[in-house]
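Understanding the architecture of this molecule
Spelled out from the first residue to the last, the chains are:
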Amino acid sequence: MRPIELLSGKVLGMAAVGLTQLVAWVAMAAFLLGAGSSFASSADLGFASFARPGVAVSFLVFYLLGYLIYVCVYAIGGAIVNSEKEAQNFVGPIMMVLMIPWILVMPVILDPDSRMSVVLSLVPVFTPVTMFIRVLVSQPPAWQVALSVALCVATIYAMFWATAKVFRVGILSYGKRPTIPELWRWMKEA
C-alpha cells in the first residue's frame, strides 16, 4: 500500500466519523425543535436569517475543506514526533496561526466585505472559518466563494502529497526530531 493511500484512508475515515456525529446532532436538534414547537413559535430565536438553503451546503463544503487541511498539518506533526511533549512543542505555534480567524471573528462579522475579511477568506488555511462566516452573515460574490474553494482544494492536494512523503519516512523513524532541512529531504527522497 502506498503511503498516500494509507494516509487518505485514515483521514477520510475520521472525516466520515465526524460527519456522522454532526448528522446525529442535527437530527437530535431537529427532533427537539419539533417537540418544542410551541416554544419555538412563541420565541423569536433568530434562526430564520441562517436558514438559507446555501448555508447548509456551505457548512458541509467548508467543514470538509477545513478538516482535510487541518488534518494534514496534524498528520505531519504526528509523523515527525516521538512523544506527546514533542507534539505539543511542534503543534503549539501552528495552533496559534490557525486561531487567527477565530481571533478576528468579530471584525469579519461586523464588516464581511472589508479587505481584511476578503483576504483572510482567500488564504487556504483561514478559508474554512472565514469564508463560512462571510457566507453566514452576508452574500459574498460567487467568484470569491469559488476561488476560495479552488484554492483550498489545491492546498489539500499539495498538503496530502507532502504529508504522505513525510508520513512514509517519519512514521518509521525514531530518535531525534527532524529539522526543516531533513523534512525537505524526506519529501524529495520518498
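Structure: see above.
Quick look at the structure, then. (Residues numbered from 1 in each chain as written. Predicted model: local features only at pLDDT ≥ 70, side-chain atom pairs only at ≥ 80, totals over all residues. Heavy atoms only, no water.)

So, helix α8 (residues 127-137)
Taken across its 11 residues, α8 has 10 buried, putting it largely inside the fold. Among all positions of α8, only T127, P128, V129, T130, M131, F132, I133, R134, V135 and L136 are buried. (Buried < 20%, exposed > 50% of the residue type's maximum accessible area, 1.4 Å probe, protein only. Helix = DSSP H or I, 4+ residues; strand = E, 2+ residues; numbered from the N terminus.)

Quick word on helix α4 (residues 84-98)
Think of an α-helix as turning once every 3.6 residues; residues three or four places apart then point the same way. Taking 1.5 Å as the rise per residue, α4 with 15 residues should run 21 Å; its terminal C-alpha atoms sit 20 Å apart, in good agreement. Taken as a whole, α4 carries its principal kink of about 35° at V91; the proline P93 stands between one and four residues after it. Listed as buried for α4 are F90, V91 and L98. Summarising the contacts, the buried residues of α4 are in contact with α3 (53-80) and α5 (100-103). (Expected span 1.5 Å × (residues − 1). Bend = angle between axes of the 7 residues up to and from the residue. Contact = heavy atoms within 4.5 Å.)

A few points about a nonpolar patch on the surface
On the surface, M106, I109, L110 and V137 cluster together into a nonpolar patch covering about 370 Å² of accessible area. Per-element tally for the nonpolar patch: the top contributor is helix α6 (residues 105-110), with 3 residues. Judged by its relative accessible area of 34%, I109 falls in the partly exposed class. (Patch = residues over 30% accessible without salt bridge, like charges linked within 9 Å, V, L, I, M, F, W, Y side chains within 5 Å. Areas by Shrake-Rupley, 256 points an atom, 1.4 Å probe, with all protein chains shown as cover. Salt bridge = Lys/Arg side-chain N within 4 Å of Asp/Glu carboxyl O.)

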